[in-house]
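So you can see what is in the structure, the chains are spelled out below.
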Amino acid sequence: MRQSQALMLMGIIAHNGVATAGSLPRGVGPEFVKFYEIKDTFTCIGHPSITIPASKVNDNSCDCPDGTDEPGTAACALLDRLSPEQPLPGSLTGTTNTTNALPGFWCENKGHIGTYVPFTYVNDGVCDYDLCCDGSEEYGKVGGVKCANKCAEIGKEWRRVEKERKENLERANKRRRTMVKESKELRRRVEVKIASLTEEIKELEVKQAELKAKLDDVERQERFKVVKNEGPGKLGVLAGLAKTRVNELRDSLSKVMGERNQLKDKVQELEGILSAFKEEYNPNFNDEGVKKAVRAWEDYAAKRDTQPPLNEMDIQEVMKEDSEESGINWKEFEEDEATDTDILYSFEAYLPGPLRDFLHSRINLLRIWLIENGILADAGSEKSESRLVKAAREAHDIVANDVNSKKRALEEERRDLEKDYGRDDIFRYLKGRCVSTEAGEYEYELCWLDKTSQKSKKGGGKTTMGNFNRVDWDESDEDERHDGKGLGRGKRMVLRYENGQGCWNGPNRKTDVWLACAETEELWRVSELEKCVYKMEVGTPAVCEEAVEPGHVKDEL
């Protein structure tokens, strides 16, 4: 393709209504008509001080320094501001060290879209139908080449393709609008979640403060108690160990009895077989092995009948669980023994309630003052916590853990809200979704804002080709594909996936995911640009823009 985007855009402007003159030199574009309307003389567009006879226009000789006197020939095609100065026969400037002021040779392309073609294409013996469908650039019929006007059929096909492209674009934009709506709803849910978590944390922090104050108060009160009977004594510990051991032995006995019953069944079965064998064998059959087996069975049976049977009732009684009616009554060993302190303070039961409460409060206040001033030792710190303190601490810890958990969730939601999800938060809708394709011996997968991976068709696990890092932009310079599944030309969004699994004897893998407009999410192509550096070309409605004007041009000179 040799089409120039700039030339095509000028052609579109002309196609949309720029006035043209009835009789003009060949190759003059609509926007330059005013410079060629004077019949007798021509003034060079870029050098107004130079005027030449009108007859020198399109005479195949470069007379104007900017080449504007040759809009319809290739005489000034090699004008270049970077060219060195050199004599040019027949030229007023005597040099090619300049720039052509005209964009090219104008092809009207009636029935299609007019455009400019480079001057080097004029009368070069090649029909450039992709640019000049009316064949007017080959008017000289060089080498006998005659280019027919194909604008009717080319224009019809172009309009069909353009209509299809617009329809596809509209469908893609329609889906994008749906995605934007969904993305906004997802963002709203995050905002609602943040507000809800904020309120919950405030309420829990108030509750946490109340429980902390209650815990401190309980610890303070428990610390100053004179009498504490927390925890079992030595006898209680010993009884607990004995109970555990007895239970273990009982479980072992139960397993042994189960195995013994199984073996007993097998022995009875074997005894039946041998007893039948003894009764049915032929004593006249002279086989010493059989006779020896029969005698052994008779000896075994004689001994079996003399052995006393086990008392099954005794065994079952041993295997019963301990309780007040059978076995050991462990509760007798678990009850706390009365101490001298208990007896000493049992007189409280005989005091009136108000007097008892008054004495308790005064004694506690006195002990608090003594401990805080270092006169009395704090015995509470040397002993285990009471049940009341443990309960208060557990209640406080549960709420504190809940507060910390919700704070972590709140921070995560806030980070999610601040994350770059593209324009209109569009990638919030795609987050967590994946697309894949097969290429060669691998299956490639893209998970939006997560990771890229490849997996061999022969089996094995996935290899991470990169983890999402950021959203970026880059210039694409590719030809448009007829199926529309390509990047084309212009600035494109690129998702950078980095720090994938390391290549053997190489760097960590990374992937650049180039995005182009499409009706659905589709992974078009995967290529390895260099060792462990991959390029994915992906279509998605997420990067579609609203409908554009005609002029979907392709490439440049």
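Here's a quick rundown of the structure.

Cut-offs applied
Along each chain, the written sequence defines residue order, and numbers are assigned to residues from 1. In keeping with the predicted nature of the model, local features appear solely for residues at pLDDT of at least 70, side-chain atom pairs appear and are counted solely at 80 or more, and the whole-chain, interface and lining totals rest on all residues. Side-chain measures were taken over the full set of non-hydrogen atoms in the model, leaving aside hydrogen atoms and water. Strands here mean DSSP runs of E at least two residues long; helices mean DSSP runs of H or I at least four residues long; both are numbered from the N terminus. To sort residues, take the accessible area from a 1.4 Å probe on protein chains only and compare it with the maximum for the residue type: under 20% means buried, over 50% means exposed, and anything in between is partly exposed. Two residues qualify as a contact provided that any one of their heavy atoms is within 4.5 Å of a heavy atom in the partner residue. Only four residue types enter the charge count, namely Lys and Arg as positive and Asp and Glu as negative; His and the chain termini do not. Each reported salt bridge corresponds to a side-chain nitrogen of Lys or Arg within 4 Å of a carboxyl oxygen of Asp or Glu. Polar contact criterion, stated in full: a pair of N or O atoms within 3.5 Å, where within protein one must be able to donate a hydrogen and the other to accept it, and residues adjacent in sequence count only if both atoms are side-chain atoms. Two strands form a pair only when DSSP identifies at least two bridges running between them.

Here we come to the overall build of the protein chain. Regarding its fold elements, the protein chain presents ten helices and twelve strands. When burial is assessed residue by residue, the protein chain has 32% of its 557 residues classed as buried. Counting only contacts in the protein chain whose residues sit at least 6 apart along the sequence, the fraction spanning at least 24 positions is 52%.

Attention now goes to the side chain of D134. Summarising the element assignment, D134 is placed in the loop between β4 (115-117) and α2 (151-223). At 9.3 Å, R26 is the nearest oppositely charged side chain to D134, a buried residue that forms no salt bridge. One polar contact links D134 to S136, side chain to side chain, over a distance of 2.9 Å.

A separate point is the pairing of strand β12 (residues 533-540). Of all eight residues making up β12, eight are buried, and the element is well covered by its neighbours. Relative to β12, strand β10 (residues 510-517) is paired through eight bridges, and the arrangement is parallel. Residue pairing across strands places V513 opposite M536, the latter belonging to β12. Here strand β11 (residues 522-530) runs beside β12; their pairing, made up of seven bridges, is antiparallel. Within β12, the residue paired with E530 across the bridge is V533.

Before going further, it helps to examine the pattern of salt bridges. Counted according to the given criterion, the structure contains 31 salt bridges. Here R428 and D416 are joined by a salt bridge, their closest N and O atoms 2.7 Å apart. Taken together, the residues span a long stretch of sequence, with R428 in helix α10 (residues 427-430) and D416 in helix α9 (residues 387-418) at a distance of twelve residues. Assessed through its relative accessible area of 13%, D416 is described here as buried. Where R496 meets D474, a salt bridge forms, and the shortest distance between an N and an O atom there is 3.6 Å. A residue pair is termed long-range when its members are at least 10 positions apart, and R496 in strand β9 (residues 489-498) and D474 in strand β8 (residues 463-477) qualify at 22 residues. By relative accessible area, which is 33% here, D474 ends up partly exposed. A single network of salt bridges, built from pairs that share partners, joins R187, E191, D416, D425, R428 and K431.

What follows concerns unusual backbone geometry. The backbone phi angle of N499 is positive, close to 55°, even though this residue is not glycine. Among the secondary structure elements, N499 is positioned in the loop between β9 and β10.

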